[in-house]
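Here is how the chains run, residue by residue.
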Amino acid sequence: MASAELQGKYQKLAQEYSKLRAQNQVLKKGVVDEQANSAALKEQLKMKDQSLRKLQQEMDSLTFRNLQLAKRVELLQDELALSEPRGKKNKKSGESSSQLSQEQKTVFDEDLQKKIEENERLHIQFFEADEQHKHVEAELRSRLATLETEAAQHQAVVDGLTRKYMETIEKLQNDKAKLEVKSQTLEKEAKECRLRTEECQLQLKNLHEDLSGRLEESLSIINEKVPFNDTKYSQYNALNVPLHNRRHQLKMRDIAGQALAFVQDLVTALLNFHTYTEQRIQIFPVDSAIDTISPLNQKFSQYLHENASYVRPLEEGMLHLFESITEDTVTVLETTVKLKTFSEHLTSYICFLRKILPYQLKSLEEECESSLCTSALRARNLELSQDMKKMTAVFEKLQTYIALLALPSTEPDGLLRANYSSVLTNVGAALHGFHDIMKDISKHYSQKATIEHELPTATQKLITTNDCILSSVVALTNGAGKIASFFSNNLDYFIASLSYGPKAASGFISPLSAECMLQYKKKAAAYMKSLRKVQQSLEKISKLEQEKEHWMLEAQLAKIKLEKENQRIADKLKNTSSGQLVGLAQENAAVSNAAGQDEATAKAVSEPIQSTSLVPDVESREDLIKNHYMARIVELTSQLQLADSKSVHFYAECRALSKRLALAEKSKEALTEEMKLASQNISRLQDELTTTKRSYEDQLSMMSDHLCSMNETLSKQREEIDTLKMSSKGNSKKNKSR
């Protein structure tokens, strides 16, 4: 049990380890994908940084250019402001220089127009860069959100895995502690078993030495006294009387009694079914009291009227089979002669079924041709026709197998002993098939009766007869189910009881040998009864001898008492006076008369005592010596038989102990191997657990570092984006103001 539990736990641990390895592979793949994604994002960030730097440089150049232009405009405005008052003072000079200022103004206008166009172009580029920057910022923000959610999911998965790994580690540690405790207990048990095996080996050695001496003595006695071994040849061994198994006989008689009850129920149901079928033919489709039925139904009714002469013998044959199984017999297939009679009765009933089957089918066809028959009723009649064919076929199959089982009691070569179990199995299958067919008949006939009851011409007599037939069919179905389940439940016992027979043989050779064995069994029983009577008579003789010795001793004691009393009286008479002589004489006469009577009885009792025990002659002495030695021989033989039986018993016990010792050694070796394997598996699992724990911790640390680096990069990107936004807003404000 411990090894099975260890193996189960190892299998569970191996399964969990395989699951963890698969999850580890998935996590590794996810980490690799995230690393690839982070590398791609870094590349994109680099490209965006480059583009931002270019834009920043362009912005710087634009701002510088704008500053230059602003200064140039301011200078031009200052020059214009200075030139206006000069023009007022010096109109002449102004008139002369108007042409020059007009040319400068046109140049300035062209330059200003170019600057305005360049400024517009820069504003357009800035707007496009701003829109592109916003689009990139939105994409980066969405990507950042997705990455944050994925990072949170990965963190949750990592937390769950860490919790699971910690629980697994705790569970494995607990299992390790339990296994260590079990290993300690197993070691203690192994030590105890080792001590027990040493003790058993010593006992076995002593017993082996003792039994080897007894075995040599027994073999010498067998070689000298036994004329031949009758168990060597199967023909002789089949004549030996097997050991009487009273429990087996009582079990077989009980089973036969149950089978008899089931067969009686089946016989009653079959009688009712055939009888009520005959009554139904007389009233449907034509009532015989009103009109003449068809010749076919008349013949069918005549055959059905004879059903009792075919059905009743089944019960009688089963009853004879039950009566043949008694407590004193040996019940096997070779000795159940009455099974042949039951098989013959079943054959006659199957002939009856074959005889009535065509008439039954024609009668159903005649019902279908009647004007009262509807399509549904016609369909039910066709189903019943098929069911009746199947019922006859299953009865034929059942009779075939029962006839095969009856062959060993009549024809020894008709059925091989190796085929007994298959035949019994087929009998059980045939009984279940009979039950299934009866269920179909009950179902179809119930539907048929329901349809017929709805006909307008249905009489009360027809309804009652259909109900009776239906009840008999239900009884047949129940009886078939009971006998099928009964046979299936006892099938293993039937197959196992086939080996019941002579010792050290496969079974009885022929029915003749089985019959001879039963005769020998009866003779052996009679001989045992006579031995029991002799034993009882010997016990009575010993009791009578004891009583005889007792009464002989009593008679001797009475004689001694009488002699002492006579001596006392004689001494008393000598010492008495003369005046008392007459009284004493009368008293002495009375005492002497009584003593004479006692002496006569004592002589009558002591005569055989003197002839047998007190003064034995030569013949009585020889008889006593002979009887004494005969009794001594009988006592010694009984002691010898008792010693032989004890030696056989001790030998069997020693063999059993040696087998148990060998099994204990094997189990010990197996347990030691299992313990070694268990310790190796424990160490291996611990190593794998530590390695997996370390690898997962490394992976977790790497993932956490990677997530931290990603968060840092994202924060940097956010800061850069914010700075870009601020700078772009500032530039836009400046440009707007300009």
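Residues numbered from 1 in each chain as written. Predicted model: local features only at pLDDT ≥ 70, side-chain atom pairs only at ≥ 80, totals over all residues. Heavy atoms only, no water.

**Student:** I keep staring at the overall build of the chain and nothing clicks. Help me out?
**Tutor:** Across its full length, the chain holds 14 helices and zero strands. For the chain, the N- to C-terminal ordering of α and β elements is α-α-α-α-α-α-α-α-α-α-α-α-α-α. Counting the 738 residues in the chain, one finds 29% classified as buried. Of the roughly 48400 Å² of accessible surface on the chain, a fraction of 56% belongs to carbon and sulfur atoms. (Helix = DSSP H or I, 4+ residues; strand = E, 2+ residues; numbered from the N terminus. Buried < 20%, exposed > 50% of the residue type's maximum accessible area, 1.4 Å probe, protein only. Areas by Shrake-Rupley, 256 points an atom, 1.4 Å probe, with all protein chains shown as cover.)

**Student:** Explain the packing of helix H8 (residues 375–406) against helix H9 (residues 420–453) here, please?
**Tutor:** Angle between the axes and distance between the axes: these two values describe a pair of packed helices. Two numbers describe how H8 lies on H9: the axes approach to 9 Å, and their chain directions differ by 160°. As judged from the angle between their axes, H8 and H9 are roughly antiparallel. In this structure, H8 meets H9 at a crossing whose hand is left-handed. Along the lines of polarity and charge, the residues of the contact of H8 with H9 split into 21 nonpolar, five polar and eight charged. (Axes fitted to C-alpha atoms, helices over the stretch in contact; angles between N-to-C directions. Parallel < 35°, antiparallel > 145°, perpendicular 65-115°, else oblique. Left-handed = near helix turned anticlockwise from the far one by under 90°. Nonpolar A, V, L, I, M, F, W, Y, C, P; charged D, E, K, R; others polar.)

**Student:** Looking at this structure, how should I read the packing of aromatic side chains?
**Tutor:** Each aromatic ring pair is specified by the distance between its two centres and by the angle formed by the two planes. According to the stated counting rule, one finds seven aromatic pairs in the structure shown. Through successive ring pairs, a cluster of aromatic residues spans Tyr310, Tyr349, Phe352, Phe395 and Phe434. Here the guanidinium or amino end of Lys251 rests over the ring plane of Tyr493, the centre of that ring lying 5.5 Å away. A cation sits over an aromatic face here: Lys355 above Tyr303, 4.7 Å from the ring centre. (Phe/Tyr/Trp six-rings, centres within 6.5 Å; stacked < 30°, edge-to-face > 60°. Lys NZ or Arg CZ within 6 Å of the ring centre and 35° of its normal.)

**Student:** Can you help me understand the UniProt feature "coiled-coil region" (unreviewed entry) in the chain in this one?
**Tutor:** The feature "coiled-coil region" (unreviewed entry), as given by UniProt, occupies residues 3–72, 137–196, 527–561 and 654–695 in the numbering adopted here. Here residues 527–561 runs as 100% helix and 0% strand, with 50 Å between its end C-alpha atoms. (UniProt positions renumbered as here; feature names shortened; annotations may be inferred.)

**Student:** What should I look at first to understand the side chain of Thr336 in this one?
**Tutor:** Its place among the elements puts Thr336 in the loop between helix H6 (308–324) and helix H7 (338–369). In this structure, Thr336 is in contact with Leu321, Thr331 and Ser409, ignoring residues within four places of it in sequence. (Contact = heavy atoms within 4.5 Å.)

**Student:** Just to check I follow, could you spell out the pattern of salt bridges for this structure?
**Tutor:** Inspection of every chain in the model, using the stated rule, returns 13 salt bridges. For Arg214, the salt bridge identified is with Asp210, shortest N-O distance 3.4 Å. Here Arg214 pairs with Asp210, and both are found in helix H2 (residues 91–225), just four residues apart, close to one helical turn. A residue is classified by how much of its surface remains accessible, and Arg214, at 30% relative accessible area, is partly exposed. Residue Arg280 is joined to Glu452 by a salt bridge in which the shortest nitrogen-to-oxygen separation is 2.3 Å. Within this pair, whereas Arg280 is found in helix H4 (residues 246–283), its partner Glu452 is found in helix H9, the two being separated by 172 residues in sequence. For the pair Arg280 and Glu452, a shared accessibility class is recorded, and that class is buried. Where salt bridges share partners, they join Arg280, Glu367, Lys448 and Glu452 into one cluster. (Salt bridge = Lys/Arg side-chain N within 4 Å of Asp/Glu carboxyl O.)

**Student:** What should I look at first to understand the environment of Met59 in this one?
**Tutor:** Along the chain, Met59 falls in helix H1 (residues 2–89). Residue Met59 is classed as buried on the basis of its relative accessible area, which comes to 10%. Between the C-alpha atoms of Met59 and Leu122, which are 63 residues apart in sequence, the distance is 8.9 Å.

**Student:** I tried to follow the nonpolar core on my own but got confused; where do I start?
**Tutor:** Nonpolar side chains in soluble globular proteins tend to end up buried together. Residues Tyr349, Met391, Phe395 and Phe434 are the most contacted members of the largest nonpolar core, which totals 69 residues. Secondary-structure elements contributing two or more residues to this core are H4, helix H5 (295–304), H6, H7, H8, H9, helix H10 (460–489) and helix H11 (491–496). If sequence neighbours within four positions are ignored, Phe395 has contacts with Leu346, Tyr349, Ile350, Leu353 and Phe434. One finds Cys368, Cys373, Ile451 and Leu455 within the second-largest nonpolar core, a separate group that totals five residues. (Core = buried A, V, L, I, M, F, W, Y, C linked by side-chain atoms within 4.5 Å.)

**Student:** Please clarify how the state of the cysteines should be interpreted in this entry.
**Tutor:** Every disulfide links exactly two cysteines, by a covalent bond between their sulfur atoms. Taken as a whole, this structure holds zero disulfides when the rule is applied. Sulfur of Cys193: no disulfide; nearest cysteine sulfur belongs to Cys200 and is 9.8 Å away. Among the cysteines around Cys373, which has no disulfide bond, Cys368 carries the closest sulfur, lying 4.7 Å off. (Disulfide = S-S within 2.5 Å.)

**Student:** Is there a simple way to think about the packing of H4 against H5 in this case?
**Tutor:** Where H4 meets H5, the axes come as close as 9 Å, and the angle between the chain directions of the two elements is 155°. Regarding the angle of H4 to H5, the classification is roughly antiparallel. Judged by the twist between their axes, the crossing of H4 over H5 is left-handed. Along the contact surface, H4 presents His274, Thr277, Glu278, Ile281 and Gln282, while H5 presents Asn297, Phe300, Ser301 and Leu304. Among the residues forming the contact of H4 with H5, the class breakdown is three nonpolar, five polar and one charged.

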